Amino acid sequence: SLLSAGPSRFYDAIVVGAGIQGTFAAYHLAKRGQKTLLLEQFPLPHTRGSSHGQSRIIRTAYPQDYYTAMLGEAYRLWAELEEEAGTKLHRQTPMLVLGRKDNPAFQRFWDAMQRNHVPSEALTAESLAQRFPGIHLRGGEVAVCDHTAGILFADKAVKAGQDQFQRNGGTIRDGEKVHGILPGAVITVTTSQGQYRAKHLVVTAGAWANRLLAPLGLHLPLQPLRITVCYWRAKAGSPPGLLEKLPCFLGINLNGEKRDLYGLPAGEYPGLVKVCYHYGTPVDPDHPDQPGSSAPDLRILQDFVSKYLPGLEPEPAVQERCMYTNTPDEDFVLDRHPHFRNIAIGAGFSGHGFKFAPVVGKILCELSLGEEPSYDLVPFQISRFSSQLKAPCKPPN
Ligand SMILES: Cc1cc2nc3c(=O)[nH]c(=O)nc-3n(C[C@H](O)[C@H](O)[C@H](O)COP(=O)(O)OP(=O)(O)OC[C@H]3O[C@@H](n4cnc5c(N)ncnc54)[C@H](O)[C@@H]3O)c2cc1C
Ligand SMILES: O=C(O)[C@@H]1CCCCN1
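On a predicted model such as this, the values are computed, not experimentally measured, just so you know. (Residues numbered from 1 in each chain as written. Chains lettered and ligands numbered in written order. Predicted model: local features only at pLDDT ≥ 70, side-chain atom pairs only at ≥ 80, totals over all residues. Heavy atoms only, no water.)

The next subject is the site of ligand 1. Near ligand 1 you find 36 residues, and of these Glu 40, His 46, Ser 51, Ile 57 and Cys 322 are the closest. At a separation of 3.4 Å, an oxygen atom of ligand 1 approaches a polar backbone atom of Ile 20. Glu 40 places a side-chain nitrogen or oxygen 2.6 Å from an oxygen atom of ligand 1. Alone, ligand 1 offers 1000 Å² of accessible surface; in the complex the protein occludes 97% of this. Elements with a contribution of two residues or more to the shell around ligand 1: helix H1 (20–31), strand S3 (55–58), strand S13 (223–233) and strand S18 (318–326). (Near = heavy atom within 4 Å. Polar contact = N/O pair within 3.5 Å; in protein donor to acceptor, adjacent residues only side chain to side chain. Areas by Shrake-Rupley, 256 points an atom, 1.4 Å probe, with all protein chains shown as cover. Helix = DSSP H or I, 4+ residues; strand = E, 2+ residues; numbered from the N terminus.)

Pasting the structure below:
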């Protein structure tokens, strides 16, 4: 029974899912003095979710002001974790936003960067060619450089967050899968190994979120996608240092693509540049190897690399796998369960959530404790989906 199981079965808060978001939710809860349990289905560290690998982009450039507004605090909290852990978790490198001047999506970036005074600089194709000779733009394309950007060391960051969580008194139980959540003033969580109780719960289950939420009457429009992460080698005879001198870049609708393409300079694999397509194949997170081929994404990438990064071999040298969990508008879900208000949900990070994790974790901590969140969460509310579905006609402008 629960009683005979001893006091370790009772917590102030439980967090389900130890990716980067759950790790930071747990970290903030523990720092706030909450006795917190972080549960993870796989033995840690693992590579079956969305938070593994060595690098993620951090940047202030965002088309939507509500993301840029979170980034000031995100940079500060990342630096705080670096300080606490005594490890470097990022390195600064400029990020180029590339696109056609007349492209509306590119203009939204550019306008927002001006509006929000992001330290940045516009580059013509000619000045870009001088500064970053590895990138070849084509007619009508320009670049704007975000000088605040950098690369987060993803695996190290997950580990550092979990270490600091434990240092603040938190408990991690990995290789332990949550099977059921029984809501109430005191919530009961049933796992592959036992039962735990807590007054506050955070669900940060990545691509598996709906598996846990559906039994609680919530079906979020989340689409897990399999992403092929590709690393590319310089052609024999390319100028030495070419790859290291590349910045991060985000190509908006380049080469006629509907989705963005992006890249990171060599670092994790010496001599290999990471260049990927910001989309993938719908996937069941428990069977990530099943049908649906990544060939179309690869062809998109090869065509892009051969035209825009001609110093690279047009065949990827290394391929890895990762997952996105996309919402229809690609905005996150940061909200309480509509009926069970002591359950906070963080989901649908849509391939751009890593940089925000310290702030996301703080928000989820506040939501789970029933506090007023530090940010306006309207863009992230669950109710935006139900109104979309219910409204038979467009609301008046
Ligand atoms: C290729 C790629 C590139 C990206 N690039 C960037 C970038 O440049 N910048 C950026 O900011 N973001 C980027 N992202 C996005 C970012 O990595 C994700 O938004 C973020 O990692 C999502 O974290 P998460 O904690 O929500 O999910 P996850 O890391 O998947 O964590 C969820 C965890 O919950 C666990 N879990 C699920 N169900 C259960 C259960 N029943 N019981 C116990 N545990 C459970 C899972 O095992 C998993 O560990 C990228 C993502 C990918 C894939
Ligand atoms: O969040 C980011 O900054 C990147 C941009 C490119 C696609 C992957 N995510």
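Still more to cover.
Alternating residues of strand S14 (residues 248–251) divide into Cys 248 and Leu 250 and Phe 249 and Gly 251, and every residue in both groups is buried. Across 3 bridges, the pairing between S14 and strand S15 (residues 261–264) is antiparallel. Bridge pairing in S15 links Gly 251 to Leu 261. (Buried < 20%, exposed > 50% of the residue type's maximum accessible area, 1.4 Å probe, protein only. Pairing = 2+ DSSP bridges.)

Fine structural detail should not be taken from predicted coordinates in areas where pLDDT scores are low. Per-residue confidence for the protein chain averages 93 on the pLDDT scale, and 94% of its residues sit at or above 70. Confidence drops under pLDDT 50 across residues 388–397; counting only partners more than four residues distant or on other chains, this segment forms 0 contacts. (pLDDT = per-residue confidence, 0-100. Contact = heavy atoms within 4.5 Å.)

With respect to the helices, strands and loops of the structure, Thr 325 is situated in strand S18. Its relative accessible area of 6% is what places Thr 325 among the buried residues. Among the polar contacts made by the side chain of Thr 325, one reaches the main-chain amide nitrogen of Ala 207 at a distance of 3.3 Å.

Right, let's talk about the site of ligand 2 for a bit. Taken together, the neighbourhood of ligand 2 is formed by Ile 57, Arg 59, Leu 250, Tyr 262, His 278, Tyr 324, Gly 351, His 352 and Lys 355. Here an oxygen atom of ligand 2 and a side-chain polar atom of Arg 59 are 2.7 Å apart. Within the side chain of Lys 355, an N or O atom sits 2.5 Å from an oxygen atom of ligand 2. Burial of ligand 2 by the protein chains amounts to 92% of its free accessible area of 260 Å². Considering only residue class, the shell around ligand 2 consists of 4 nonpolar, 3 polar and 2 charged. Counting residues domain by domain, the shell around ligand 2 receives three or more from each of domain 1 (7–51 + 155–221 + 329–385) and domain 2 (94–148 + 223–326). (Nonpolar A, V, L, I, M, F, W, Y, C, P; charged D, E, K, R; others polar. Domains from an automatic or database assignment.)

With that settled, consider helix H5 (residues 154–167). Given a rise of 1.5 Å per residue, 14 residues ought to cover 20 Å, and the 20 Å separating the end C-alpha atoms of H5 matches this to within 8%. Every buried residue of H5 is listed here: Ala 154, Ala 157, Val 158, Ala 160, Gly 161, Gln 162, Gln 164 and Phe 165. As for H5, its buried residues are in contact with H1, strand S2 (36–39), S3, helix H2 (65–85), strand S8 (150–153) and strand S9 (171–173). Downstream of H5 by a residue or two, Gly 169 has a phi angle that is positive, lying close to 95 degrees. (Expected span 1.5 Å × (residues − 1).)

Turning our eyes to something else, we now look at the environment of Leu 301. Of note, Leu 301 is situated in helix H7 (residues 295–308). It is 7.7 Å that separates the C-alpha atoms of Leu 301 and Val 275, two residues lying 26 residues apart in sequence.

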